[in-house]
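Observations on the model geometry
Spelled out from the first residue to the last, the chains are:
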Amino acid sequence: MSNYLVAMEAAWLVRDVDGIDDAIGVAVSEAGKRLNQKEMDYVEVEVGGTPCPACGEAFDSAFIAADTALVGLLLEMKVFNAEGEQHAQRIAKSEIGGALTKVPLKVIETFDIEDEED
C-alpha cells in the first residue's frame, strides 16, 4: 500500500461576474464551501494555470464572456494506503466528485509521496 497526492482540474461556472478576480474568488469560495459541508477540508483548492500559447508563461485559468466565467480550479488530495496510482485516482475522483456534483473533473497528475505523520 502506498500514499499518493492526486491533483485534479475542475471546470467551475460563475454567473454575473464583473471581472477575472471576482470570478476566481467566487469559484474558489464556492468550491471550498461545498467541500467543507462534506467535511473535506483536507482538499486543497486554488485557481489553475493555463500556459500562454505565445510565450508559455502560465496565467490564471479563467475566461469571461457575457458576464459568465469559466474558472479552472486545481484540487489536490492526499490518498493514503492505495493499492496503486490508478486506485488512488479513483478514490480521489470519487470523494471529490461526491462533494462537487455536476462539476467536470479530470486527473492531471499523481505523485507517490512518502509516509507522513498527520
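What this report covers is the structure whose coordinates are included nearby. (Residues numbered from 1 in each chain as written. Predicted model: local features only at pLDDT ≥ 70, side-chain atom pairs only at ≥ 80, totals over all residues. Heavy atoms only, no water.)

1. What to know about helix 1 (residues 20-37)
Rule in force here: Note on conventions: DSSP H or I runs of at least 4 residues are helices, E runs of at least 2 residues are strands, and numbering of each starts at the N terminus. To estimate the expected span of a helix, count its residues, drop one, and scale the result by 1.5 Å.
Its 18 residues give helix 1 an end-to-end C-alpha distance of 26 Å, which sits within 8% of 26 Å, the value for a rise of 1.5 Å per residue. E39 sits one or two positions beyond helix 1 and adopts a positive phi of about 55°.

2. Concerning the nonpolar core
Where a protein is soluble and globular, its nonpolar side chains tend to be buried together. Stated precisely, the cut-off is as follows: In this description, a nonpolar core means a group of buried Ala, Val, Leu, Ile, Met, Phe, Trp, Tyr and Cys residues linked to one another through side-chain atoms lying within 4.5 Å. Each residue is assigned to one of three classes by its accessible area relative to the maximum for its type, calculated with a 1.4 Å probe on protein chains only: buried under 20%, partly exposed between the two thresholds, exposed over 50%. Should any heavy atoms of two residues lie within 4.5 Å, those residues are considered in contact.
Counting residues in hydrophobic clusters, the biggest one holds 29 residues, and the most contacted among them are W12, V71 and I96. Elements represented by at least two residues in this core include exactly strand 1 (2-15), helix 1, strand 6 (68-82) and helix 2 (85-99). Broken down by element, the residue count for this core peaks at seven residues, all from strand 6. If sequence neighbours within four positions are ignored, W12 has contacts with A27, E30, A31, R34, A69, L70, V71, L73, L100 and V103.

3. Observations concerning the state of the cysteines
Inclusion rule: Cysteine sulfur pairs qualify as disulfides if the two atoms are within 2.5 Å.
Enumeration according to the criterion identifies zero disulfides in this entry. Free of any disulfide, C52 has its nearest neighbouring cysteine sulfur in C55, separated by 3.6 Å. Among the residues examined, C55 registers a relative accessible area of 57% and is labelled exposed.

4. So, a negative patch on the surface
Test applied: Note that patches include only residues with greater than 30% relative accessible area and no salt bridge, and the join distances are 9 Å for like charges and 5 Å for nonpolar side chains (Val, Leu, Ile, Met, Phe, Trp, Tyr). Residue burial considers only the protein chains on display, and all accessible areas are found by Shrake-Rupley using a 1.4 Å probe. In what follows, salt bridge is the name for a side-chain nitrogen of Lys or Arg lying within 4 Å of a carboxyl oxygen of Asp or Glu. A residue counts as positive if it is Lys or Arg and as negative if it is Asp or Glu; His and the chain ends are not included. A single reference atom marks each charge: NZ on Lys, CZ on Arg, CG on Asp, CD on Glu.
On the surface, a cluster of negative charge is contributed by D16, D18, D21, D22, D60 and D67. The class of D60 is partly exposed, set by a relative accessible area of 39%.

5. Here we look at helix 2
When the terminal C-alpha atoms of helix 2 are compared, their 22 Å separation across 15 residues agrees well with the 21 Å that a helix rising 1.5 Å per residue should span. Where helix 2 is buried, its residues touch strand 1, helix 1, strand 6 and strand 7 (105-113).

6. Here we look at the side chain of T110
This is how it is decided: A 3.5 Å cut-off defines polar contacts: any pair of N or O atoms within that distance qualifies, except that in protein one atom must be a possible hydrogen donor and the other a possible acceptor, and neighbouring residues in sequence count only when both atoms are side-chain atoms.
The topology assignment puts T110 in strand 7. Looking at T110, its side chain comes within polar contact range of the side chain of Q89, at 2.8 Å. Residue contacts for T110: discarding those within four places in its chain leaves Y4, L5, V6, E85 and Q89.

7. Some words on the environment of P51
Examined against the element boundaries, P51 turns out to sit in strand 3 (residues 49-51). Those residues in contact with P51 that lie beyond four places of it in its chain are G56, E57, A58 and F59.

8. Observations regarding the environment of I108
Looking at the secondary structure, you find I108 in strand 7. Taking relative accessible area as the criterion, I108 reaches 41% and is therefore assigned partly exposed. Sequence-distant contacts of I108, defined by excluding residues within four places in its chain, comprise A7, M8, E9 and L74.

9. Quick look at the side chain of S61
Inspection of the secondary structure puts S61 in the loop between strand 4 (58-60) and strand 5 (62-65). Each residue touching S61, except ones within four places of it in the same chain, is listed here: V47, G48, G49, T50, L70, V71 and G72.

10. Description of unusual backbone geometry
Positioned with a positive phi, D16 is a non-glycine residue whose angle comes to about 55°. Relative to the assigned elements, D16 resides in the loop between strand 1 and helix 1.

Nothing here speaks to function; it is geometry throughout.
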